[in-house]
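Observations on the three-dimensional arrangement
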Amino acid sequence: LETFLYVGVVILERQNQPPGFARSYSIAACVGLPALLIDWRNGNRKSLLWALVVASVVLASLSRTATLCIFVIVPLSALGYARRKRGNTIRNILIVISGFVLFVVAMQTIPAFQKRFFYGKTLDQFLNGNAHLNTEGRDKMWAAVYNSWNEDTESRMLGKGLGTAGLVAQSVDRYMLHPHNDYLRLLHDTGLLGTVLFIIGLLAALIGRFRLWRLFHRIGLKSQAN
């Protein structure tokens, strides 16, 4: 549903999309994509088709972050099942390789991808040292956000408050509505205290999910493990 709504808005408002619209959709889609892959591995073949549709729309949105996330999500989604059958492992490796090959081909042949990911250059030019990565001012903006966080002991420990990283980013470049780095944003806005609490919570959640996955595998509940 989200994908159809996104495509509809793109068709109707091609020239008037709000800033960050494609990025917002694509990042959210990367949360939903694993659910489709899980459903596919539980036996629903239609979910694989929907996953391919969503992944294609994400690629067409030209969101760099989401595209890289997809390349991580797809192989990670197979880790829980690859041990069962040797053929599954080989299939997953082939899927990842095929996706990477298609990505490289797109980078080399589609001007829109070249402009978005490599600023009009080709992958060959980067590999041969004939092109340099354009950070679009992010390096200066990141330095400003970091310096703002590192201003005094209080800001280092407690941060500057929610949303303030975006204000600092915009003070460097009016088109930068956020720091384009969520970990730096977390550090700036909530300080070391908030960042440490987040890391502890994230690790606790990962450990808890891993224990549940291991338990379901041990007692033979495949769909729950997936």
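In this report, we go over the structure that sits alongside the text. Position numbers for residues start from 1 in each chain and track the written sequence from start to end. Only residues with pLDDT of 70 or above have their local features reported here, since the model is predicted, and side-chain atom pairs are shown and tallied only from 80 upward, although totals for entire chains, interfaces and linings are computed over all residues. To get the side-chain values, take all heavy atoms of the structure and skip hydrogens and water.

Points about the overall build of the protein chain
Helix and strand counts for the protein chain come out as twelve helices and zero strands. Working definition: helices are DSSP H or I runs of at least four residues, strands are E runs of at least two. Numbering for both runs from the N terminus. In sequence order, the secondary structure elements of the protein chain are arranged as α-α-α-α-α-α-α-α-α-α-α-α. Counting all 226 residues of the protein chain, 29% fall into the buried class. Restricting to contacts in the protein chain with at least 6 residues of sequence separation, those with at least 24 account for 59%. Note that accessible areas follow from Shrake-Rupley with a 1.4 Å probe, and for residues the cover is restricted to the protein chains shown. Split by element, the accessible area of the protein chain, about 14,900 Å² in all, is 65% carbon and sulfur. Throughout, exposure labels follow a simple rule: accessible area from a 1.4 Å probe, protein chains only, divided by the maximum for the residue type, with under 20% read as buried, over 50% as exposed, and the rest as partly exposed. Note on contacts: a residue pair is in contact if any heavy atoms of the two residues lie within 4.5 Å.

A look at a nonpolar patch on the surface
Residues enter patches when they are more than 30% accessible in relative terms and free of salt bridges; like-charged ones are connected within 9 Å and nonpolar ones (Val, Leu, Ile, Met, Phe, Trp, Tyr) within 5 Å. Salt bridges are identified by distance alone: a Lys or Arg side-chain nitrogen within 4 Å of an Asp or Glu carboxyl oxygen. A cluster of nonpolar side chains, namely Met 157, Leu 158, Leu 192, Leu 193, Val 196, Leu 197 and Ile 200, defines an oily patch on the protein surface of about 650 Å² accessible area. Secondary structure elements with two or more residues in the nonpolar patch: helix H9 (153–158) and helix H11 (182–219). The topology assignment puts Leu 197 in helix H11.

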